[in-house]
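# Tertiary structure, described
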Amino acid sequence: MDVIRIEGGHHVSGVVKVEGAKNSALKLMAATILAPGVNTLTNVPNIADVHVMGKVLKRLGAQIEVVDEHTLSIDTSTVTSWVTPYQLVAQMRASTAVLGPLLGRFGKATVAMPGGCNIGARKIDMHILGLQALGVEFDLDHGDINATAPRGLRGDTVTLDFASVGATENLMMASVRAKGVTTIYNAAREPEIVDLANLLNEMGAKIGGAGSPVIEIEGVDELHPVTHEVVGDRIEAGTFIAMAGITGDPVEVRGFEPIHLGLVLRKYEQMGITIERERRAVRVWREGPLSSVDIQTLPFPGFPTDMQAQTMCLLALGSGSCIVTENVFENRFMFASELQRMGADIRIEGHHAIVHGVSGFSGAEVKSPDLRGGAALVMAGLVADGTTVVSDIYHIDRGYERFVEKLQALGAHVERTSVPDANVL
Ligand code: UD1
């Protein structure tokens, strides 16, 4: 079992460059199914989730060439299958992003129903309801969702109950090949949605309004392959910004659009962190104490749920008390109980966490509960007294490329080691 071992109390400084966004790259890869031929994606992060999406596409018949570490050439002219089995969907829920593109290309798709996962139920009912409006019929067969559009896909109006990222994406990817116009109301507005719409438009789709709550898609007869650069990862950037904020040390974070972290940066400034915005970069440091501010997660442009754990880590060292409210996912506070093992004072009441600032963390053996929670625990370890050992780091590998190496380059005393299961420390 691999663990990350952190020796707290050492300074970090320097420049860190973030990769392309995980949450964009996965959907762009799925979208290549819609454009038979050789598509090239650049700035693709080299992370475990991308490898799983690669397996999904290969299973469908695509041929993938790794041109260089961050460039994938994906030939989807050879895709002949529309079946995505449970072994792959169970490894990564985002595998369900192939549902829309397969329906768009073949008018049918079989995708295993995703199970629950450790940040909540994460249902796909909104994907299904939206696609039904476009003429898709569904049946659940031994754990697989069989989707077919017997009379073809036809544009319609869809209003989502909640601005779901995944449902908006699946609907966009199916409706680009529908007859007529599809309008999605209450659409998700995340920068990754805009990146996907840009890719599809480059392929020849006619999508307007991406980035606003109303997206209009006029169906077209065919899409052609393209070369596209994945947008920078705002959440990886936010994680390093939070890291600079907790240590106080000066760090420059490059390779993303600061506007994509608008509210996060504003909240961090309220906490006493200095942030200088540049073109595709920020410089971050802190001189005074960390102030406590309330935050609540919401769909973009609200505070991202994917930054909740890293931010709670900062607030746990705040000079007062505050409330963190999680509105997007149920069960996303598991990280808090691990942080309590390091001395944090956090009480969970439903979807609220009441955080009373403490003067410091003490190094401990902790378990990464999920992707962002795992990164946040490493962050806590940087300022903890003594040694922290974070296990279950496969969660971190899902979404952060060379996380330990990037921290080492900033001067952190952190290493990845293998230990026998029963003896972590
Ligand atoms: C995506 C991101 C994830 C991010 C989340 C919210 C990827 C691979 N993952 O996840 O990192 O935290 O957006 O910004 O891009 N829901 C339903 N029914 C549905 C769809 C969603 O009830 O049909 C619920 C979910 O359980 C969750 C909430 O809606 O509570 C938000 O989900 P959604 O926005 O769809 O997130 P994902 O696309 O799964």
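Quick summary incoming for the structure in this document. Since this is a predicted model, take the numbers as computed values, not measurements.

## Considerations on the environment of Leu298
- Topologically, Leu298 is positioned in the loop between strand S18 (295-296) and helix H10 (308-315).
- Given a relative accessible area of 38%, Leu298 falls into the partly exposed group.
- Separated by 280 residues in sequence, Leu298 and Val18 place their C-alpha atoms 24 Å apart.
- Apart from the residues lying within four places of it in its own chain, the contact partners of Leu298 are Phe303, Pro304, Asn327 and Val328.

## Here we look at the pairing of strand S15 (residues 251-254)
- Bridge count for strand S2 (residues 14-17) against S15 is four bridges, and the pairing is parallel. If you follow Val15 over to S15, its bridge partner there is Glu252.
- Of the pairings in the sheet, the one linking S15 to strand S17 (residues 281-286) comprises four bridges and is antiparallel in character. Across the sheet, Glu252 pairs through a bridge with Arg283, a residue of S17.

## With respect to the packing of aromatic side chains
- Applying the stated criterion across every chain yields a total of three aromatic pairs.
- Ring plane angle 50° and centroid distance 6.0 Å describe the contact between Trp82 and Phe106, whose orientation is recorded as tilted. One end of the pair, Trp82, is in the loop between strand S5 (71-75) and strand S6 (83-84); the other, Phe106, is in helix H4 (residues 99-106), with 24 residues separating them in the sequence.
- A residue is classified by how much of its surface remains accessible, and Trp82, at 28% relative accessible area, is partly exposed.
- Residue class for Phe106 comes out partly exposed when judged on its relative accessible area of 26%.
- An aromatic cluster is defined as three or more aromatic residues linked by ring pairs; in this entry it consists of Phe240, Tyr400 and Phe403.
- Here the basic side chain of Lys108 rests over the ring of Trp82, its NZ or CZ set 4.0 Å away from the ring centre.

## Quick notes on the site of the ligand
- If you check the shell around the ligand, you find 20 residues, and the closest are Asp125, Met126, Ser164, Asp306 and Val328.
- Between the ligand and Lys123 there is a distance of 3.2 Å, counted from a nitrogen atom to a backbone nitrogen or oxygen.
- At 2.6 Å from an oxygen atom of the ligand is found a side-chain nitrogen or oxygen belonging to Ser164.
- Contact with the protein chains covers 88% of the free accessible surface of the ligand, which is 730 Å².
- Contributing elements (two or more residues each) for the shell around the ligand: helix H1 (22-31), helix H5 (125-133) and helix H6 (165-175).
- By residue number, the principal contributor to the shell around the ligand is H5, which donates three residues.
- Tallied by class, residues from the shell around the ligand come to seven nonpolar, five polar and eight charged.

Cut-off values and rules
Residues numbered from 1 in each chain as written. Predicted model: local features only at pLDDT ≥ 70, side-chain atom pairs only at ≥ 80, totals over all residues. Heavy atoms only, no water. Helix = DSSP H or I, 4+ residues; strand = E, 2+ residues; numbered from the N terminus. Buried < 20%, exposed > 50% of the residue type's maximum accessible area, 1.4 Å probe, protein only. Contact = heavy atoms within 4.5 Å. Pairing = 2+ DSSP bridges. Phe/Tyr/Trp six-rings, centres within 6.5 Å; stacked < 30°, edge-to-face > 60°. Lys NZ or Arg CZ within 6 Å of the ring centre and 35° of its normal. Near = heavy atom within 4 Å. Polar contact = N/O pair within 3.5 Å; in protein donor to acceptor, adjacent residues only side chain to side chain. Areas by Shrake-Rupley, 256 points an atom, 1.4 Å probe, with all protein chains shown as cover. Nonpolar A, V, L, I, M, F, W, Y, C, P; charged D, E, K, R; others polar.

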